[in-house]
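Here is what each chain is made of, one letter per residue.
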Amino acid sequence: MTRALPMPLRSLAALPAGSVATALPLADAGTTYTMAQEAAFIDDLHYAVGRWDGTLSLFAFTDSPAQGPVIAKAVNSPAQEGIQAIVPLGANLFATSNDDASVLVWGSVSGNWTDLTVAATLTYDPSLGVANSGATVSSNGMPTLVIGHANGFVSVWQRAVGTGSNWSLAHTIDVRAAQPVNPWGLHNVRGVAAVALGDGQGYVITGSEDGNLTVIRVSDGIVLSTTVYNPAAQRGINSLAVMGDLLLVANCAVGAADSNLWCYTIDPNGWTITPTDKTTLRIDPNAAQVFNFDVIFAALDGAPIQFFCSTEEGALWMGEVVPGGMLSIIGYNFIGTANLGSALCISGTRIAATGYDLHEYLLT
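Participant: Outline the packing of aromatic side chains, supporting the account with residue identities and numerical values.
Facilitator: What the rule picks out here adds up to 9 aromatic pairs. Between phenylalanine 41 and tyrosine 47, the ring centres sit 5.2 Å apart and the planes meet at 50°, which makes this aromatic pair tilted. On the accessibility criterion, phenylalanine 41 (8% relative accessible area) is buried. Overall, tyrosine 47 belongs to the buried group, its relative accessible area being 0%.

Participant: Tell me about the sheet that holds strand 27 (residues 358-362), and please be specific about residues and values.
Facilitator: Ordered by their spatial adjacency, 3 strands build an open sheet running 25-26-27, and the pairing between neighbours is antiparallel. The sheet is open, and its two borders are formed by strand 25 (343-347) and strand 27, each paired with just one other strand. Ignoring strand direction, the axes of neighbouring strands in this sheet form an average angle of 15°. Pairing geometry for strand 25 and strand 26 (residues 350-354), over 5 bridges, is antiparallel. Across the sheet, isoleucine 346 pairs through a bridge with isoleucine 351, a residue of strand 26.

Participant: Explain the sheet that holds strand 12 (residues 167-174) to me, using residue names and the numbers behind them.
Facilitator: The strand order across the open sheet built from 4 strands is 9-10-11-12, with neighbouring strands paired in antiparallel fashion. Edge positions in the sheet fall to strand 9 (131-139) and strand 12, since each has one partner strand and no second. On average, each strand axis in the sheet is inclined to that of its neighbour by 20°, with strand direction left out of account.

Participant: Summarise the side chain of aspartate 294; cite the residues concerned and give the values.
Facilitator: Residue position: aspartate 294 is located in strand 21 (residues 289-298). Buried charge without a partner: aspartate 294 forms no salt bridge, and the closest opposite charge is arginine 190, 11 Å away. Setting aside its immediate chain neighbours within four residues, aspartate 294 contacts Ser239, Ala250, Phe308, Cys309, Ser310, Ser342, Ala343 and Leu344.

Rules behind the numbers
- Residues numbered from 1 in each chain as written.
- Predicted model: local features only at pLDDT ≥ 70, side-chain atom pairs only at ≥ 80, totals over all residues.
- Heavy atoms only, no water.
- Phe/Tyr/Trp six-rings, centres within 6.5 Å; stacked < 30°, edge-to-face > 60°.
- Buried < 20%, exposed > 50% of the residue type's maximum accessible area, 1.4 Å probe, protein only.
- Pairing = 2+ DSSP bridges.
- Helix = DSSP H or I, 4+ residues; strand = E, 2+ residues; numbered from the N terminus.
- Axes fitted to C-alpha atoms, helices over the stretch in contact; angles between N-to-C directions.
- Lys, Arg positive; Asp, Glu negative; His and termini not counted.
- Salt bridge = Lys/Arg side-chain N within 4 Å of Asp/Glu carboxyl O.
- Contact = heavy atoms within 4.5 Å.

Here is the structure:
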């Protein structure tokens, strides 16, 4: 199997060559990358971090950045691009990517996660590819897991009420674009977000490296709309976030004229997705690319609609969505040197940002 290359490095490698380093008498035997790929709160106080080296670590949110993990496990091979999907399921359960033919459901009987065990292994046809993303949604009252896969497919899993181990595959949906926006022909579904609109049948939006934003009705697996996020894009979608009828999309900006954060509105009458604004989160105006690695909303009662993004320049950005779906950038903090971006997750006022190092913040 070809050794996986992190997305920002893959994108940089495709840009016109700059200065050439001095050749050394060394043969490249491979690199195992340890930066974070995904992070998610699995309950109010605990969050999980998945890395490119295949390890999964669980942390308890504390005021001490030196706090060690609650538990750490090696889950899947770096050849499968490490842990790409972490999906909280409630009831002391969460799901992660595994290999190209399975997803793992993890559980903790005690609820403190130190007794973490595999509650179920969800197997599927390897033609779907490794799980890249996921979300949970209630579909006609049924707890449902929606997974985005590396080969451009989405799988929908239903859980028997009252059990964490009994799951069944309900639908498989093809969301591949006929003409991918990226130069490699990739279809990885990097984002799945539940949409709290509609009639209770359950709805999600997926975002893919091929550029498609796809609305799916979970109850029957029907695709309701497909929108190319940016017809002029040179790279695909890295992450997306939904709050109400607002959708944010993070991507890689290539060149000075490109944008790496986009805002849209979602209309459940026809499920159209309409762009309202875009911006570029960039510090160095001469950077050949600026990879927006992750985007999350901050949902606080009575507060403005706020969001956070992580970029490859080592910055954590904060902004607001103001009336009309316009983006207002508040500013950024450096959270380390250029580190290919950090995986973000949020629970109430608690925010964790993990690249190589782990940073915890309280939103005030």
